[in-house]
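Listed here are the chains, written in short residue letters.
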Amino acid sequence: MILKAASIAFAVSLLCLMIPIVHFLSGPLAPAIGGFVGTATISARKIHAPIIGFSLALFWTSPVLTLYVIRTFHPNFLGFLGDSILLLLLGLFLWASILGTLGAAIASNKKEKL
């Protein structure tokens, strides 16, 4: 159930980034929008919000983590980045998990009021 919400949240957040012109506004808020839609879709409870946010962050960081693992075995691959790829990974994880959790919490809070 939670993995389904995180998958829906990831798909919605990617769509927020793909829409031309609108992505300037929806891009930075994409995990929050995705977390809201994913949680509202499955009618998750408030206790599931941090888990959905964490799962969404794992989905967001998986491509960068894959690049980091490749770079570990092939040091010349993306060598110009140095160790800054770890900062990118940490920043991306924090951004997606905080906003995804907030969006999921708002959606679960709205459900409980109805």
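That block above? That's the structure.
This is a predicted model, so every value here is computed, not measured. Residue positions are counted from 1 within each chain, in the order its sequence is given. Where local features are concerned, this predicted model is filtered to residues with pLDDT of at least 70; where side-chain atom pairs are given and counted, the filter is 80 or more; whole-chain, interface and lining totals use all residues. Side-chain numbers here rest on the full set of heavy atoms in the structure, without hydrogens or water.

K.L.:
Quick question: what am I supposed to make of helix α1 (residues 2-18) here?
P.N.:
One full turn of an α-helix is made of 3.6 residues, so residues set three or four places apart face in the same direction. Here α1 spans 24 Å end to end across 17 residues, near enough to the 24 Å set by a 1.5 Å rise per residue. To sort residues, take the accessible area from a 1.4 Å probe on protein chains only and compare it with the maximum for the residue type: under 20% means buried, over 50% means exposed, and anything in between is partly exposed. Secondary structure elements follow DSSP: runs of H or I no shorter than four residues count as helices, runs of E no shorter than two count as strands, and numbering proceeds from the N terminus. Buried within α1 we find Ile2, Ala5, Ala6, Ala9, Phe10, Val12, Ser13 and Cys16. In what follows, a contact means two residues having at least one pair of non-hydrogen atoms within 4.5 Å. Residues of α1 that are buried make contact with α2 (23-26), α3 (30-42) and α4 (49-73). Expected helix span is given by 1.5 Å per residue-to-residue step, counting one fewer step than there are residues.

K.L.:
Could you clarify how one ought to interpret the side chain of Thr61 in this entry?
P.N.:
You can see Thr61 is positioned in helix α4. Distance and chemistry together define a polar contact, namely a pair of N or O atoms within 3.5 Å, with one atom able to donate a hydrogen and the other to accept it when in protein, and with adjacent residues in sequence counting only for side-chain atoms on both sides. A distance of 3.4 Å separates a polar atom in the side chain of Thr61 from the backbone oxygen of Leu58. Those residues in contact with Thr61 that lie beyond four places of it in its chain are Leu89, Leu92 and Phe93.

K.L.:
Any chance you could explain the nonpolar core here in plain terms?
P.N.:
Generally speaking, a soluble globular protein has its nonpolar side chains buried in company with each other. In these notes, a set of buried Ala, Val, Leu, Ile, Met, Phe, Trp, Tyr and Cys residues joined through side-chain atoms within 4.5 Å is what counts as a nonpolar core. By size, the foremost hydrophobic cluster in this structure holds 10 residues: Ala9, Phe10, Leu56, Ala57, Trp60, Val64, Ile85, Leu89, Leu92 and Ala96. Of all elements in the fold, only α1, α4 and α5 (84-113) reach the threshold of two or more residues within this core. Beyond its immediate chain neighbours, meaning those up to four positions away, Trp60 contacts Phe10, Ser13, Leu14, Leu17, Pro31, Leu92, Trp95 and Ala96. Counting seven residues, the second largest nonpolar core, distinct from the first, contains Ala44, Ala49, Ile52 and Ala104.

K.L.:
It is not clear to me how unusual backbone geometry should be interpreted in this structure. Could you clarify?
P.N.:
In most cases, non-glycine residues show a negative phi, while peptide bonds are predominantly trans. Positive phi outside glycine occurs at Ile21, with the angle close to 65°. The topology assignment puts Ile21 in the loop between α1 and α2. By relative accessible area, which is 68% here, Ile21 ends up exposed. Phi angles above zero are rare outside glycine, and Ser43 is one such case at about 55°. Positionally, Ser43 belongs in the loop between α3 and α4.

K.L.:
What is the right way to read the packing of aromatic side chains from this model?
P.N.:
In this description, an aromatic ring pair is defined by two values, namely the gap between the centres and the angle between the planes. A pair of Phe, Tyr and Trp rings is counted when the ring centres sit within 6.5 Å of each other, with Trp represented by its six-membered ring. The angle between the planes then sorts it: under 30 degrees is stacked, over 60 is edge-to-face, the rest tilted. Overall, the coordinates contain four aromatic pairs when judged by the stated rule. Residues Phe54 and Phe93 carry aromatic rings whose centres are separated by 5.6 Å and whose planes lie at 80° to one another, so their mutual orientation is edge-to-face. Separated by 39 residues along the polypeptide, Phe54 in helix α4 and Phe93 in helix α5 bring together distant segments of the chain. Look at Phe54 and you get partly exposed, because its relative accessible area is 43%. You can call Phe93 partly exposed: its relative accessible area is 24%.

K.L.:
Sorry if this is basic, but what is going on with the packing of α1 against α3 here?
P.N.:
To describe two helices that pack against each other, one gives the angle between their axes and the distance between the axes. Axis separation between α1 and α3 bottoms out at 7 Å; the angle between their running directions is 140°. Overall, the two elements α1 and α3 adopt an arrangement that is oblique. Both α1 and α3 take part in a crossing whose hand is right-handed. In this structure, α1 uses Lys4, Ala5, Ile8, Ala9, Val12, Ser13, Cys16 and Leu17 to contact α3, whose residues at the interface are Ala30, Pro31, Ile33, Gly34, Gly35, Val37, Gly38, Thr39, Thr41 and Ile42. All axes are obtained by fitting lines to C-alpha atoms, using only the stretch in contact for helices, and the reported angles, taken between N-to-C directions, cover 0 to 180 degrees. In these notes the angle categories are as follows: under 35 degrees is roughly parallel, over 145 is roughly antiparallel, 65 to 115 is roughly perpendicular, and the rest is oblique. Crossing handedness is defined as follows: a turn of the near helix away from the far one that is anticlockwise and smaller than a right angle gives a left-handed crossing, while the clockwise case is right-handed.

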